[in-house]
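Chain by chain, the residues:
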Amino acid sequence: MEAAKTLAEMTVIERRELIDFVASALEGTSKEARVHGDQQSALNSYNLALAIRGSAAELATGDLRSAELLLQQGISLVAASLSRSQGPQLH
């Protein structure tokens, strides 16, 4: 198994793939939230996906600190959505 890399250690292609993956996950989160009637979460996820996609070229090649912040926010938003959708678990 390959060790995790920082954005600085990734190639431009790897960064673009990560950016696309996070943006796609946010778009999916947005659709899911909309289905469940959570319009605010849907808008937050959708707008963050747009921000990431809109600046993908710059994020992948230059401004790594901004890329890191946007990707962290995106991943956190997806994780929060997943934890909400799973709800309380009874065993």
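Residues numbered from 1 in each chain as written. Predicted model: local features only at pLDDT ≥ 70, side-chain atom pairs only at ≥ 80, totals over all residues. Heavy atoms only, no water.

### As for the nonpolar core
So, step 1. Core analysis: the biggest nonpolar cluster contains 14 residues, and Leu 7, Ile 19, Val 22, Leu 26, Ile 52 and Leu 71 have the highest contact counts within it.
So, step 2. Where this core is concerned, the elements lending two or more residues are α1 (12-35), α2 (39-54), α3 (56-61) and α4 (64-86).
So, step 3. Top contributing element to this core by residue count: α1, with 4 residues.
So, step 4. Setting aside residues up to four positions removed in sequence, Leu 26 forms contacts with Ser 45, Leu 48, Ala 49, Ile 52, Gly 74, Leu 77 and Val 78. (Core = buried A, V, L, I, M, F, W, Y, C linked by side-chain atoms within 4.5 Å. Buried < 20%, exposed > 50% of the residue type's maximum accessible area, 1.4 Å probe, protein only. Helix = DSSP H or I, 4+ residues; strand = E, 2+ residues; numbered from the N terminus. Contact = heavy atoms within 4.5 Å.)

### Quick look at the pattern of salt bridges
So, step 1. Under the definition given, this model contains 4 salt bridges.
So, step 2. Across the salt bridge formed by Arg 53 and Glu 27, the nearest N and O atoms sit 2.9 Å from each other. Residue Arg 53 is found in helix α2, and its partner Glu 27 is found in helix α1; the two are separated by 26 residues along the sequence.
So, step 3. Arg 53 gets classed as partly exposed once you look at its relative accessible area, which sits at 33%. (Salt bridge = Lys/Arg side-chain N within 4 Å of Asp/Glu carboxyl O.)

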